[in-house]
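This is what each chain is made of:
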Amino acid sequence: DYNFVGIPDEVLDVANEASAALDLPDGASVWTFESADSTDKGTGQMDYVISGKRRNWYEYAIDELQSESATKTEIEDLQSQIDDLASSSTTTKSSCSCDDDDDDIKRVRDIAIGISVVSLILAVLAIIVAIYACKQAVKAVK
């Protein structure tokens, strides 16, 4: 995946020989390695441990994106469901008598307009009363 090419055996041999030839000072920390198949709980996060389960953030992000993305088959299934729903809704509309629904909508609309007109009249009356009260208060102060 991702055009990864393993390290050639010749390079690995040179690296292993160099690692074996290292003369470390006394008290130097020894690094340990664990594979992804055989890890001890919590050991991989300790100092001087290279864990097979440690991952690069970019690798993790790519895996998350891949798990969230839909496959071509899933997209085709969803498209066929949409097509089925679209064809069934067309069939339902043609066999449905929706005249009753139109009457209900008109009735609700008429009631809403009536309430709006009454509210507007009450608001105008409230303004007139407020103006009258203000004039009376001004007269009382003079």
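Owing to the predicted nature of the structure, the values given are computational and were not obtained by experimental measurement. Each chain has its residues counted from 1, following the order in which its sequence is written. Thresholds applied to this predicted model are a pLDDT of at least 70 for local features of residues and 80 or more for the giving and counting of side-chain atom pairs; totals over whole chains, interfaces and linings are not thresholded and use all residues. For the side-chain quantities, the full set of heavy atoms in the structure was used; hydrogens and water were omitted.

A. Focus on the overall build of the protein chain. Helix and strand assignments come from DSSP, with helices taken as H or I runs of at least 4 residues and strands as E runs of at least 2, each series counted from the N terminus. Helices and strands together make up the secondary structure of the protein chain, namely 4 helices and 2 strands. Secondary structure elements of the protein chain occur, N-terminal to C-terminal, as α-β-β-α-α-α. Relative to its length of 142 residues, the protein chain is extended, with a C-alpha radius of gyration of 40 Å against a globular reference of 14 Å. Along the longest, intermediate and shortest principal axes, the C-alpha atoms of the protein chain span 105 × 70 × 30 Å. Partly exposed describes any residue whose relative accessible area lies between the buried limit of under 20% and the exposed limit of over 50%, with all areas from a 1.4 Å probe on protein chains only and scaled to the type maximum. Of all 142 residues assigned to the protein chain, the portion counted as buried reaches 4%. As displayed, the protein chain has an accessible area near 13,000 Å², and 60% of this comes from carbon and sulfur atoms. Averaging the locations of the 12 positively and 27 negatively charged side chains of the protein chain gives two centres separated by 28 Å. Atoms counted for the radius of gyration: C-alpha only. Globule rule: 2.2 Å times residue count to the power 0.38. Exposure was quantified through the Shrake-Rupley algorithm and a 1.4 Å probe, taking into account, for residues, occlusion by the shown protein chains and nothing else. Only four residue types enter the tally: Lys and Arg on the positive side, Asp and Glu on the negative side; His and the chain ends are excluded. Charged side chains are reduced to one point each, which is NZ for Lys, CZ for Arg, CG for Asp and CD for Glu.

B. Just a nonpolar patch on the surface, in detail. Exposure above 30% relative accessible area and the lack of any salt bridge qualify a residue for a patch; like charges then connect within 9 Å, and the nonpolar side chains Val, Leu, Ile, Met, Phe, Trp and Tyr within 5 Å. Any Lys or Arg side-chain nitrogen located within 4 Å of an Asp or Glu carboxyl oxygen qualifies as a salt bridge. The grouping of I113, V117, V118, L120, I121, L122, V124, L125 and I128 at the surface amounts to a nonpolar patch, some 840 Å² of accessible area in total. For V118, the location among the structural elements is in helix α4 (residues 99-141).

C. Broad picture of the pattern of salt bridges. According to the stated counting rule, one finds 2 salt bridges in the structure shown. Linking R107 and D104 is a salt bridge whose minimum nitrogen-to-oxygen distance equals 3.2 Å. Of the two residues, R107 and D104 both sit in helix α4, 3 residues apart, roughly one turn of that helix. On the basis of relative accessibility, which here comes to 39%, the residue D104 falls in the partly exposed class. Measuring nitrogen to oxygen at the nearest pair gives 3.4 Å for the salt bridge that ties R109 to D110.

D. The arrangement of helix α1 (residues 9-21) in detail. Here a helix's expected span is defined as the number of its residues, less one, multiplied by 1.5 Å. For α1, which comprises 13 residues, the first-to-last C-alpha distance of 18 Å matches the rise-based estimate of 18 Å (1.5 Å per residue) to within 8%. In terms of burial, α1 is a largely surface element, 0 of the 13 residues being buried.

E. Geometry of the side chain of E34. Summarising the element assignment, E34 is placed in strand β1 (residues 32-34). Apart from the residues within four sequence positions on either side, E34 is in contact with T39, D40, T43, G44, V49, I50, S51 and G52. Residue contacts are defined here by distance: any two heavy atoms, one from each residue, within 4.5 Å place the two residues in contact.

F. Quick look at the packing of aromatic side chains. Any two rings among Phe, Tyr and Trp, with Trp reduced to its six-membered ring, count as a pair given centres within 6.5 Å; such a pair is stacked if its planes are under 30 degrees apart, edge-to-face if over 60, and tilted if neither. As enumerated under the stated definition, the model contains 2 aromatic pairs in all. Here the aromatic rings of W31 and Y48 are separated by 5.3 Å at their centres, their planes lie at 85°, and the arrangement is edge-to-face. One end of the pair, W31, is in the loop between α1 and β1; the other, Y48, is in the loop between β1 and β2 (49-51), and 17 residues separate them in sequence. In this structure W31 comes out as partly exposed when scored by relative accessible area, which is 49%. Take Y48: its relative accessible area is 40%, and that puts it in the partly exposed class.

G. Up close: a negative patch on the surface. Residues D9, E10, D13 and E17 make up a contiguous surface patch of negative charge. Residue placement: E17 occurs in helix α1. The class of E17 is exposed, set by a relative accessible area of 57%.

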